[in-house]
Amino acid sequence: MKLKSLLIAHAVLLGSCAVQGQAADDASLIKKGEYLARLGDCMACHTVAGKADYAGGLAIESNLGTIYSTNITPDKQHGIGNYSEQQFSDAVRKGVLPDGSRLYPAMPYPDYAKISDEDLHALYVYFMQGVKPDSAQPPETKLSFPFSQRWGMRFWNWAFTSDKPFQPIGGASAQVNRGAYIVESLGHCGSCHTPRGLGMNEKALDSSDDRFLAGGSLNNWEVPSLRGVPRWSEQEIVDYLQTGRNDKAAVGGEMTSVVEHSSSHMTDADLQAIAAYLKFLGGNPPLQAYDVQAQQKTEAKLTAAKNLSEGERLYLDNCGACHFVTGKGAPGIFPELDQATIVNAQDPSGLIHTILAGAQQPSTEKAPSTLAMPPFAYRLTDDEVAQLATFIRQGWSNHAPAVTKEQVADVRKTLH
């Protein structure tokens, strides 16, 4: 009897240890999955401010119309609580739902296709066990014909996506390949920074093609190339992704949400890996050479404040207090205008939008202050904004085309 009791006690102890071990493993997977969800920027699209995390309902503007993000909490009626791991994988990697219907590529599954099996498993465990269920039912996406015919996405996927897993870059360091994996898969940077074809497809999905991350256009903003990032050091790339600012620039547009919800939560090692990978890509020529004489000429005229053009006067009245007569701003606070990418973009819409609507940097752990640029739409006419933007694009070392009042009027129409 004594031996039997000892055996029973031993079995109970082993069972208890096994349960504790399983719980520890699940907790570790949930934590890993939560971090991977940050890498994938899932919250930015599937969360509406003031509502439950991942409950969906965000209106995503696209060239096809407005697409509403879905509820990806483990709610069994309106969320993904009934998904098997394979069904979860098919939705994330292939854009195919359990009932066979197709997602639109506003969900970046062409990039998520490269997520490893190990990472996908951690994501599944996190969303099923680490996210609180919510019964919110987001608005239904209703696009006009023919885009309303989701079955057509089957052919789009056949033509423009790939099921090829992530391929490490031969001869590159482990750090560069870690950065490549993040950027090409979970980070889905190419969905904004890679040019798109006639079918609204990304023209390249990885670094084997020089078009990958070569820049594009998104919601009337010219999106810069990330290949080499010639004006920034690796540390400046890290600073920008971690805090939304560096000594040359401050975040704006869609990238504000990326920094707030994703990159500011990444580890230093992963941010450094991303920076190393972008520098490794290269292939992007720098902006025109810095013109010291032109810079000094603009600075001297603004300092003297005599015989000013309308654009120069508007600059001193509205911009000079923060960006200064040098056009250099204040490192880590107010961005540079001289040689800035958004200033010199061929399409001036991003600059016009910033002047009209203003901008605000997100609050992050390493930079909690929310510095803001005020909007000027209420006080400047279309013609005044055009003259101000033209001066900024042609002052100091900048040599970008002039801006017209018609271009300003078009951007103003898009303001909410």
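All values derive from a computational prediction rather than experimental measurement. (Residues numbered from 1 in each chain as written. Predicted model: local features only at pLDDT ≥ 70, side-chain atom pairs only at ≥ 80, totals over all residues. Heavy atoms only, no water.)

Position of K142 among the secondary structure elements: in the loop between α5 (117-130) and α6 (153-160). Sequence separation between K142 and I67 is 75 residues, and the spatial gap between their C-alpha atoms is 7.5 Å. (Helix = DSSP H or I, 4+ residues; strand = E, 2+ residues; numbered from the N terminus.)

Relative to strand β2 (residues 65-68), strand β1 (residues 59-62) is paired through four bridges, and the arrangement is antiparallel. Bridge pairing in β2 links S62 to G65. Here β1 hands over to β2 after two residues, the two strands then running antiparallel side by side. (Pairing = 2+ DSSP bridges.)

Attention now goes to the nonpolar core. A general feature of soluble globular proteins is that nonpolar side chains tend to end up buried together. One finds Y54, F88, F127, Y277 and L278 to be the most contacted residues of the largest nonpolar core, which totals 52 residues. Secondary structure elements with two or more residues in this core: α1 (2-39), α2 (42-46), α3 (85-94), α5, α7 (174-184), α9 (234-243) and α11 (268-281). Not counting residues within four places of it along the chain, the set of residues in contact with L278 comprises L213, L226, R227, G228, V229 and I237. Core analysis: the second largest hydrophobic core is formed by 23 residues, I355, F376, W396 and V411 among them. (Core = buried A, V, L, I, M, F, W, Y, C linked by side-chain atoms within 4.5 Å. Buried < 20%, exposed > 50% of the residue type's maximum accessible area, 1.4 Å probe, protein only. Contact = heavy atoms within 4.5 Å.)

This brings us to the UniProt feature "domain: Cytochrome c" (unreviewed entry) in the protein chain. As recorded in UniProt, the feature "domain: Cytochrome c" (unreviewed entry) lies at residues 28-131, 174-282 and 306-396. The distance from the first to the last C-alpha atom of residues 28-131 is 14 Å, and the span holds 43% helix and 8% strand. (UniProt positions renumbered as here; feature names shortened; annotations may be inferred.)

One pass over the full model with this rule turns up 17 salt bridges. A salt bridge links D270 to R178, with the nearest nitrogen and oxygen atoms 2.9 Å apart. Highlighted residues: D270 in helix α11 and R178 in helix α7, separated in sequence by 92 residues. Two residues, R227 and D210, come together in a salt bridge whose shortest N-O distance is 3.6 Å. Placement of R227 in the loop between β4 (221-223) and α9 and of D210 in the loop between α8 (190-193) and β3 (216-218) is noted, with a sequence separation of 17 residues between them. Its relative accessible area of 6% is what places R227 among the buried residues. The network of salt bridges with shared partners includes K32, E118 and D119. (Salt bridge = Lys/Arg side-chain N within 4 Å of Asp/Glu carboxyl O.)

Although it is not a glycine, M200 sits at a positive phi angle of roughly 60°. Mapped onto the secondary structure, M200 falls in the loop between α8 and β3. Look at A305: it is not a glycine, yet its phi comes out positive at around 55°. One can find A305 in the loop between α12 (292-304) and α13 (310-318).

Mapping E236 onto the fold places it in helix α9. Not counting residues within four places of it along the chain, the set of residues in contact with E236 comprises R231, N246, D247 and K248.

Our next topic: α12. In this model α12 runs 18 Å from its N-terminal to its C-terminal C-alpha over 13 residues, within 8% of the 18 Å that 1.5 Å per residue would give. Burial in α12 covers these residues: A294, Q295, T298 and L302. Buried residues of α12, viewed axially, fall in a sector of 100°; they line one side. Away from its buried face by more than 90 degrees, α12 exposes Q293, K297 and T303. Sitting at the head of α12, D291 places a side-chain oxygen 3.3 Å from the backbone nitrogen of Q293. (Expected span 1.5 Å × (residues − 1). Arc of directions from axis to C-beta. Polar contact = N/O pair within 3.5 Å; in protein donor to acceptor, adjacent residues only side chain to side chain.)

The next point concerns the packing of aromatic side chains. Per the stated rule, a full pass over the model turns up 12 aromatic pairs. Note on F391 and W396: the rings are 5.3 Å apart at their centroids and 55° apart in plane angle, and the pair reads as tilted. Each of the two residues, F391 as well as W396, counts as buried. (Phe/Tyr/Trp six-rings, centres within 6.5 Å; stacked < 30°, edge-to-face > 60°.)

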